[in-house]
Amino acid sequence: DLQSAAFLGNIQMPILMGSAGQDLLVDPVAHIRAATLLTNCRLVTFADAKHELFHETDNIRTRWLAAIDAFVAEHIQST
């Protein structure tokens, strides 16, 4: 089961999760739960975003892309 604590807890890969605080399709609480159970997850929340962070306003999209750039740079340097 993809939502089980055991399944999520066994994933070791670094994960960057973006969460839209005003999401109407996915419950942001589910993001928090998953990020807590994933052992190597960074959750970035955008309180005013509605769903798809890549299709948001310039302000939100710019911050999301910056978070992706920083995450990738951090993990490229550590390998």
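Everything below is about the structure printed above this text.
Residues numbered from 1 in each chain as written. Predicted model: local features only at pLDDT ≥ 70, side-chain atom pairs only at ≥ 80, totals over all residues. Heavy atoms only, no water.

**Details of the pairing of strand 2 (residues 41–46)**
Each regular strand shows side chains that alternate between the opposite faces of the sheet.
So, point 1. When strand 1 (residues 15–20) meets strand 2, the two strands line up parallel, connected through six bridges. Among the inter-strand pairings, A20 is bridged to a residue of strand 2, identified as F46.
So, point 2. Following the chain from strand 1 across helix 2 (residues 28–37) to the adjacent parallel strand 2, one finds a crossover that is right-handed. (Pairing = 2+ DSSP bridges. Helix = DSSP H or I, 4+ residues; strand = E, 2+ residues; numbered from the N terminus. Right-handed = clockwise from strand over helix to strand, strands pointing away.)

**Points about the nonpolar core**
One broad trend across soluble globular proteins is that nonpolar side chains are buried collectively.
So, point 1. In terms of nonpolar packing, the biggest core is built from ten residues, these being L16, A20, V44, F46, A49, L53, I60, W64, A67 and F71.
So, point 2. Among the secondary structure elements, those contributing two or more residues to this core are strand 1, strand 2 and helix 3 (58–77).
So, point 3. The contacts of I60, once residues within four sequence positions are left out, are F46, D48, A49 and L53.
So, point 4. Among the nonpolar cores identified, the runner-up in size contains five residues, and L8, M17, A34 and A35 belong to it. (Core = buried A, V, L, I, M, F, W, Y, C linked by side-chain atoms within 4.5 Å. Buried < 20%, exposed > 50% of the residue type's maximum accessible area, 1.4 Å probe, protein only. Contact = heavy atoms within 4.5 Å.)

**Overview of the side chain of D23**
So, point 1. Considering the arrangement of structural elements, one finds D23 in the loop between strand 1 and helix 2.
So, point 2. Buried charge without a partner: D23 forms no salt bridge, and the closest opposite charge is K50, 11 Å away.
So, point 3. Looking at D23, its side chain comes within polar contact range of the main-chain nitrogen of L25, at 2.7 Å.
So, point 4. Looking at D23, its side chain comes within polar contact range of the main-chain nitrogen of V26, at 3.0 Å. (Lys, Arg positive; Asp, Glu negative; His and termini not counted. Salt bridge = Lys/Arg side-chain N within 4 Å of Asp/Glu carboxyl O. Polar contact = N/O pair within 3.5 Å; in protein donor to acceptor, adjacent residues only side chain to side chain.)

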